[in-house]
Amino acid sequence: MKELVIASNNPGKIREIREVVRGIELLSLSDIGFTEEIPEPFHTFEENALAKASAIYSATSKNVFADDSGLCINALNGAPGVDSAHYSGKRDDEANLQKALSELKASDDRSAFYKAVICLMWEGEVYYFEGICEGQIIEQKRGERGFGYDPIFIPAGYDETFGELPSDIKNSISHRGKAVRKMVEWLNALEE
Ligand code: IMP
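For the structure given in this document, a descriptive report is provided here. (Residues numbered from 1 in each chain as written. Predicted model: local features only at pLDDT ≥ 70, side-chain atom pairs only at ≥ 80, totals over all residues. Heavy atoms only, no water.)

## A few points about the site of the ligand
Here's step 1: Taken together, 18 residues lie around the ligand, and K13, E40, D150, K170 and R176 are the ones closest in.
Here's step 2: In the model, an oxygen atom of the ligand is placed 3.2 Å from a nitrogen or oxygen of the D68 side chain.
Here's step 3: H175 is positioned with one of its side-chain polar atoms (N or O) 3.1 Å from a nitrogen atom of the ligand.
Here's step 4: Compared with its free state, where it exposes 490 Å², the ligand has 97% of that area covered by protein.
Here's step 5: Spatially, the ligand is embedded in the largest pocket.
Here's step 6: Looking at the shell around the ligand, the elements that each hand over two or more residues are β3 (64-73) and α5 (175-189).
Here's step 7: Element by element, the count of residues in the shell around the ligand is highest for β3, at 4 residues.
Here's step 8: Considered class by class, the residues forming the shell around the ligand number 4 nonpolar, 6 polar and 8 charged. (Near = heavy atom within 4 Å. Polar contact = N/O pair within 3.5 Å; in protein donor to acceptor, adjacent residues only side chain to side chain. Areas by Shrake-Rupley, 256 points an atom, 1.4 Å probe, with all protein chains shown as cover. 1 Å grid on protein atoms, 1.4 Å probe; cavity = no way out; pocket = protein on both sides within 12 Å on 5 of 7 lines; lining within 4 Å. Sits in = over half its atoms within 2 Å of the grid points. Helix = DSSP H or I, 4+ residues; strand = E, 2+ residues; numbered from the N terminus. Nonpolar A, V, L, I, M, F, W, Y, C, P; charged D, E, K, R; others polar.)

Right, here's the structure in full:
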């Protein structure tokens, strides 16, 4: 079976990725004994995903992928975007979500999208896979599922938030689900 490291310490992301990937052995950073913080200093998802994947590849020479993702709110010119994980100034999902709600208070345009960019480093080469999920930001949070901004995000075509929808539905339409499936298809095609 192919082996692949996930360059993330975010338990929400890792859980969702494990639910989507089949037929590949996924190793977490703790599985490979990597404990350092990986910096994400850049202004695009692509650059941050590459920074995370290449930090692990240079340290371990193992095939690895990183997901850099975030919520882009149109009325806020795409914020929080690449700063989603620490929008409030700290890595705190509740504080970040409340900041997004308060910044949007005066706005009629509640449209937003999640974006995920995966950077895969496979046998030393770099590949990117992307997924987008469009939706709306509601005024008060609903639901306990998912992570991050999920309780305030309703995906297009649904009435419930990602905090309310079961994870198999989220995975089938989410930015991360789409990007991960593209990567898995690419990896599976290597054998053909
Ligand atoms: P990263 O670790 O820099 O990629 O940060 C990702 C951040 O974006 C997370 O900490 C969340 O705040 C937000 N985010 C990304 N994907 C999701 C999702 O599927 N649900 C909720 N929040 C998400």
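## Some points on the pattern of salt bridges
Here's step 1: Inspection of every chain in the model, using the stated rule, returns 11 salt bridges.
Here's step 2: One salt bridge in this structure joins D67 and K13, with 3.1 Å as the shortest N-O distance. Placement of D67 in strand β3 and of K13 in helix α1 (residues 11-20) is noted, with a sequence separation of 54 residues between them.
Here's step 3: K13 gets classed as buried once you look at its relative accessible area, which sits at 8%.
Here's step 4: Salt-bridge contacts for R91 lead to E40; the nearest nitrogen and oxygen are separated by 3.8 Å. Remark: E40 occurs in the loop between β2 (24-27) and α2 (45-60) and R91 occurs in the loop between β3 and α3 (93-103); sequence separation between them is 51 residues.
Here's step 5: Note on E40: relative accessible area 31%, which makes it partly exposed. (Salt bridge = Lys/Arg side-chain N within 4 Å of Asp/Glu carboxyl O. Buried < 20%, exposed > 50% of the residue type's maximum accessible area, 1.4 Å probe, protein only.)

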